[in-house]
Amino acid sequence: MHEVGEAIETILRVLKKSAERGYIGEPVSQLEHALQCAWFAGHTGADSELVLAALLHDIGHLIAPDAPQMDGLGVLEHEKLGGAFLLELGFPQLLAHLVTAHVAAKRYLTFKYPAYLRKLSEASKGTLAWQGGPMTPGEGEAFEALPDFDSILALRKWDEMAKVVGLACHGLDYYEPMLRTCLIGQGDHRC
Ligand code: FE
């Protein structure tokens, strides 16, 4: 477990640096993608942990430069790396779980709605194959039974929306107090 100030510094440093990186196959940077995702979450009045999960959902792509890659489409299992990294920094279980589950949401939606699969961007179709493809009916049923199923799907929706060139939204500084409040609790707390 890290000290709160140190954890915030780590998060802000990683996200600031992501301004230099493109969001795989999309016309925005990783930082723009993260900020837009959080912006859409905040706009719907989502809870802090959901807003921060949106901000941090792709952090697994940014923290492990030597991890196995999906053939130019980002870090393999970035959702698990990201969730584990956030837990280690002291974020609540729920927030880390939302981050870990954001790829499963895509696998679920492509199983449930074949039209959704057809609408995915080429990059997203490419990563889906690496991520296990659409869920099986059994996996889909188990996924629907998760207590935070709605939040996971909401995060996935904002993730898809967050590719807008030049969208005006909050900068990183806006989230610093929210990060601090969220990290001040310990373990199984809510933000
Ligand atoms: Fe994303």
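You'll find the structure just up there.
This write-up is about the structure you can find in this document.

How each quantity is defined
Residues numbered from 1 in each chain as written. Predicted model: local features only at pLDDT ≥ 70, side-chain atom pairs only at ≥ 80, totals over all residues. Heavy atoms only, no water. Donors = N, O, S within 2.8 Å, 3.2 Å for Na, K, Ca; no water. Helix = DSSP H or I, 4+ residues; strand = E, 2+ residues; numbered from the N terminus. Buried < 20%, exposed > 50% of the residue type's maximum accessible area, 1.4 Å probe, protein only. Arc of directions from axis to C-beta. Contact = heavy atoms within 4.5 Å. 1 Å grid on protein atoms, 1.4 Å probe; cavity = no way out; pocket = protein on both sides within 12 Å on 5 of 7 lines; lining within 4 Å. Points joined across faces, edges and corners; volume = space filled by probe spheres on them. Nonpolar A, V, L, I, M, F, W, Y, C, P; charged D, E, K, R; others polar.

Regarding the coordination of the iron ion
Here's step 1: Bound to the iron ion are the protein donor atoms Tyr23 (OH), His33 (NE2), His57 (NE2), Asp58 (OD) and Asp159 (OD), situated 2.2 to 2.7 Å from the metal.
Here's step 2: If you list the donors of the iron ion from N- to C-terminus, the spacing comes out as Y-x9-H-x23-H-D-x100-D. With histidine 57 in the loop between helix H3 (48–56) and helix H4 (78–89) and aspartate 159 in helix H10 (residues 149–161), this residue pair connects regions lying 102 residues apart in the sequence. No difference in accessibility class separates histidine 57 from aspartate 159, as the two residues are buried.

Concerning helix H11 (residues 176–184)
Here's step 1: Here H11 has its buried residues at Met178, Leu179, Cys182 and Leu183. With its buried residues spanning 125 degrees around the axis, H11 presents them on a single face. The exposed residues of H11 that point more than 90 degrees off its buried face are Pro177, Thr181 and Ile184.
Here's step 2: As for H11, its buried residues are in contact with helix H1 (4–17), H3, H4 and helix H5 (93–100).

Looking at empty space enclosed by the protein
Here's step 1: A complete count under the given rule lists two cavities of 30 Å³ or more for this structure.
Here's step 2: Here the largest cavity defines a volume of roughly 240 Å³.
Here's step 3: Contributing to the lining of the largest cavity are 20 residues, with Tyr23, Lys106, Ser124, Thr127 and Arg156 lying nearest its centre.
Here's step 4: Looking at the lining of the largest cavity, the elements with two or more residues in it are helix H6 (102–112), helix H8 (122–130) and H10.
Here's step 5: Residues belonging to the lining of the largest cavity are distributed by class as follows: six nonpolar, seven polar and seven charged.
Here's step 6: Approximately 30 Å³ is the volume found for the second largest cavity.

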